[in-house]
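# Notes for the structure review
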Amino acid sequence: MSTEKLPTRSENYSEWYNQLIQRAELADYAPVRGCMVVRPYGWALWENIQQSLDQRFKATGHVNAAFPLLIPKSFLEKEKEHVEGFSPELAVVTIGGGQELEEPLVVRPTSETIIGYMYSKWIKSYRDLPVLINQWANVVRWEMRTRLFLRTLEFYWQEGHTAHATAEEAQEETIRMLDTYAAFAEEDAAIPVIRGRKSEVEKFAGAVASYSIEAMMGDTKALQSGTSHNLGQNFAKAFDIQYLDKNNELQYCWTTSWGVSTRLIGAIIMTHGDDQGLILPPRLAPIQAVIVPIFKNDEEKTLVMPVVQKIAAELAGIRVKVDDRTEVNPGFKFNDWEMRGVPLRIEIGPKDVEKGSVALARRDKPGREGKSFVPQAGIAAQVAALLAEIQQALYDRAVAFRDAHIQEPADYEALKVMVQDGWAYAYWCGSLDCEAKIKEDTKATTRCIPMNQQVGPGKCIVCGQPASDKAYFAKAY
Ligand SMILES: [Zn+2]
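Residues numbered from 1 in each chain as written. Predicted model: local features only at pLDDT ≥ 70, side-chain atom pairs only at ≥ 80, totals over all residues. Heavy atoms only, no water.

## Brief notes about the sheet that holds strand β6 (residues 99-107)
Worth spelling out the cut-off: Strand pairing is defined by DSSP finding a minimum of two bridges between the two strands. For the purposes of this entry, the term helix denotes a DSSP run of H or I that reaches at least four residues, the term strand denotes a run of E that reaches at least two, and both are numbered from the N terminus. As a rule, the C-alpha atoms of each element are fitted with a line to give its axis, helices using only the stretch in contact, and angles between N-to-C directions run from 0 to 180 degrees.
Strand order in the open sheet formed by three strands is β4-β6-β5, and the pairing between neighbours is antiparallel. With partners counted over all chains shown, the strands left at the sheet margins are β4 (70-72) and β5 (91-96), one partner each. Looking at each pair of strands side by side, their axes are set apart by 50° on average, direction ignored. Two strands pair when backbone bridges link them, and β4 and β6 are joined in this way by three bridges, in the antiparallel orientation. Bridging across to β6, I71 finds its partner in V106.

Structure follows, in structure tokens:
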């Protein structure tokens, strides 16, 4: 690791982000433009994200399967809106085994179409419903402007695809998964999110309605962190997914799809990170606590190391690492683990051995404020409690930051100023023109329209026409 300081967030947020990812060894650039290599530390973080989500999916009745990477090009052309939405982003395979293929194959940008095709074969009767399948996979979208974790040509994600007998069930499922994402984001990633419906312009190609969770990053830009789509009968009709109902009548299914991706790692970096580097929420951190032994000579080392080993053994219930590197000094190690965002550092030196204590340093509170000295006895309970406290503190801090940067503008002029450094929450009539005008004037887009609003009728912030809902407007990644 280089000892050079990161650019600060206020100096250059985007450079801070790029350098942090490299220096914390989360990911690197691949030889193909726009692709990324996820390094072991970044992948360990992704595995923890996967594990938590996978448990939540299974707890709501879903099962995992794997569908192929290559999809006949004609499949994408079956749903009109879908093909229009994805055409420019498709990677197409035209040669295989040295021969020109009869039908070109696309590298999946998402699996709606091939799963639709399979569902039409598998679903025959109302007894086969609902089908609740998820897959963990990689997908390819030929993006022109890429950023590590936020937008890459190939990325990792999960995509859930479900089929139901009724419109109501499909809508319930769509919202259930949106809520599942929100619970994961808030409980495990410590990222507060706003749930809502996407506008027509921002919705998924081929969906009847799309919903998202939106999070505010450290530069106040919004990041769409997960989406859930009600596909109505659009894909069922395109792929002929039909079932015989109880009256022996043929009906089209109602389908949904929902996904989150390695983008969530970008969300974690930009929600919690500071000028020293990454800060990971304890529940997802690959290393929750690092033990740094401190000694100046062999004599001190013989004193310190047995205590270090004993403490590490007592902390078996948490993800702990002993940094016993001898080629670097403790100061270097402190900076290194700060950069990598390990939530808690445990220092053990000769004085601690003498006193029967250890020094704890919180990553989220640098310097003296985050430091405490606790007895070695009962260390496991102390550390567990402190990790829970850090998890909560990160969430509370993110909520406070977000709420301080969301305002309700009195008029359109105020909105224009507000979205330069925050989000605006305002009445919108729903017209494409008003939405386009905001985007043109400010670069801010409609993030989402929260459900169950208790706001009553008002006037559109742009045109003054009657509006029944408020929407969030912000610049976004
Ligand atoms: Zn309007």
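The rest of the description comes next.
## Structural notes on the coordination of the zinc ion
Defined as follows: Think of the donor list as every N, O and S atom within 2.8 Å of the metal, or within 3.2 Å for Na, K and Ca; water never makes the list, so a site can look incomplete.
Coordination sphere of the zinc ion, protein contribution only: C429 (SG), C434 (SG), C460 (SG) and C463 (SG), at 2.3 to 2.4 Å. For the zinc ion, all donor residues lie on one chain, and their spacing in sequence is C-x4-C-x25-C-x2-C.

## What to know about the packing of aromatic side chains
What describes a pair of aromatic rings is the distance from one ring centre to the other and the angle between the planes of the rings. For the record, the criterion: Only centres within 6.5 Å qualify two rings of Phe, Tyr or Trp (six-membered ring in Trp) as a pair; their planes then separate them into stacked at under 30 degrees, edge-to-face at over 60, and tilted for everything else. In this scheme, the term charge over a ring applies when either NZ of a lysine or CZ of an arginine sits within 6 Å of the ring centre and within 35 degrees of the ring normal.
With the rule as written, the count across this model stands at 16 aromatic pairs. Aromatic side chains F155 and W157 sit 5.7 Å apart centroid to centroid with 90° between the ring planes, which places their arrangement in the edge-to-face category. Members of the aromatic cluster, joined through ring pairs, are W46, F57, W136, Y181 and W258. In this structure, R345 is placed above the aromatic ring of F334, and the distance from its NZ or CZ to the ring centre is 3.8 Å.

## Some words on the nonpolar core
Operational definition: In this description, a nonpolar core means a group of buried Ala, Val, Leu, Ile, Met, Phe, Trp, Tyr and Cys residues linked to one another through side-chain atoms lying within 4.5 Å. The rule is simple: take the accessible area with a 1.4 Å probe, protein chains only, and divide by the maximum for that residue type; under 20% is buried, over 50% is exposed, in between is partly exposed. Contact between two residues is taken to exist if any of their heavy atoms lie within 4.5 Å; hydrogens are not considered.
Counting 54 residues, the largest nonpolar core has L26, I49, F149 and I269 as the members making the most contacts within it. Those elements that provide at least two residues to this core are α1 (13-23), β2 (36-38), α2 (40-59), α6 (167-187), β10 (209-216), β14 (254-261), α8 (263-272) and α10 (330-339). It is α6 that provides the largest number of residues to this core, a total of seven residues. Other than its neighbours up to four places away in sequence, I49 contacts F184, L264, I265, I268 and L284. Counting 25 residues, the second largest nonpolar core, distinct from the first, contains L90, I123, I241 and C253.

## Concerning the pairing of strand β17 (residues 344-348)
The buried count for β17 comes to five of five residues, which makes it a mostly enclosed element. The alternating pattern of β17 places L344, I346 and I348 on one face and R345 and E347 on the opposite face, and all of these are buried. Taken together, the five bridges between strand β15 (residues 289-293) and β17 define a ladder with parallel strand orientation. Counted as the bridge partner of A289 is L344 from β17.

## Some words on helix α14 (residues 432-442)
One turn of an α-helix holds 3.6 residues; hence residues three or four places apart share an orientation. The cut-off we apply is this: Within this analysis, the arc is defined by the directions that extend from the helix axis to the C-beta atoms.
For α14, the complete set of buried residues consists of C434, E435, I438 and T442. Projected down its long axis, α14 carries its buried residues within an arc of 100°, all on one side. For α14, exposure combined with an orientation more than 90 degrees from the buried face picks out L432, D433 and E440. In this fold, the buried residues of α14 make contact with α13 (412-418), β21 (423-428), β22 (445-450) and β25 (469-474). Taken from the residues just after α14, K443 is the one with a positive phi, measuring 70°.

## Brief notes about the sheet that holds β17
Spatially, five strands are ordered β16-β15-β17-β18-β19 in an open sheet, and the strand pairing comes out mixed. Where the open sheet ends on each side, the last strands, each with one partner, are β16 (320-322) and β19 (371-375). Neighbour-to-neighbour, the strand axes of the sheet open up by a mean angle of 25°, direction not taken into account. With five bridges connecting them, strand β18 (residues 357-362) and β19 associate as antiparallel partners.

## Let's talk about the environment of H62
Our working definition: Distance and chemistry together define a polar contact, namely a pair of N or O atoms within 3.5 Å, with one atom able to donate a hydrogen and the other to accept it when in protein, and with adjacent residues in sequence counting only for side-chain atoms on both sides.
Tracing the backbone through its elements, the reader meets H62 in the loop between α2 and β3 (63-64). On the accessibility criterion, H62 (3% relative accessible area) is buried. Contact partners of H62, with chain neighbours within four places excluded, come to F57, L132, T162, E173, M177 and W258. There is a polar contact of 3.0 Å between the side chain of H62 and the backbone oxygen of F57. Reaching out from H62, the side chain makes a polar contact with the side chain of E173 at a distance of 2.7 Å.

## A word on helix α5 (residues 112-122)
In terms of residue burial, α5 counts as a mostly covered element, since eight of its eleven residues are buried. Among the residues of α5, those classed as buried are E112, T113, I114, I115, G116, M118, Y119 and S120.

## Here we look at the side chain of T220
Positionally, T220 belongs in the loop between β10 and β11 (222-230). Side-chain polar atoms of T220 contact the backbone nitrogen of G422, separated by 3.3 Å. For T220, the contacting residues outside a window of four places in its chain are F401, H405, D421, G422 and W423.

## What to know about the pairing of β14
Of all the eight residues making up β14, seven are buried; the element is thus mostly covered by neighbouring parts of the structure. Relative to β14, β11 is paired through four bridges, and the arrangement is antiparallel. Each bridged residue has a counterpart across the sheet, and for H229 the counterpart in β14 is S257.

## Quick word on the pattern of salt bridges
Side chains carrying opposite charge are able to pair once their charged atoms draw close together. Going by this rule: Each reported salt bridge corresponds to a side-chain nitrogen of Lys or Arg within 4 Å of a carboxyl oxygen of Asp or Glu.
In total, this model carries 29 salt bridges according to the counting rule given. Across the salt bridge formed by D274 and R363, the nearest N and O atoms sit 2.7 Å from each other. Of the two residues, D274 is situated in the loop between α8 and β15 and R363 in the loop between β18 and β19; the sequence distance between them amounts to 89 residues. Residue classification places D274 among the buried residues on the basis of a relative accessible area of 10%. The shortest N-O distance in the salt bridge between D336 and R340 comes to 3.0 Å.

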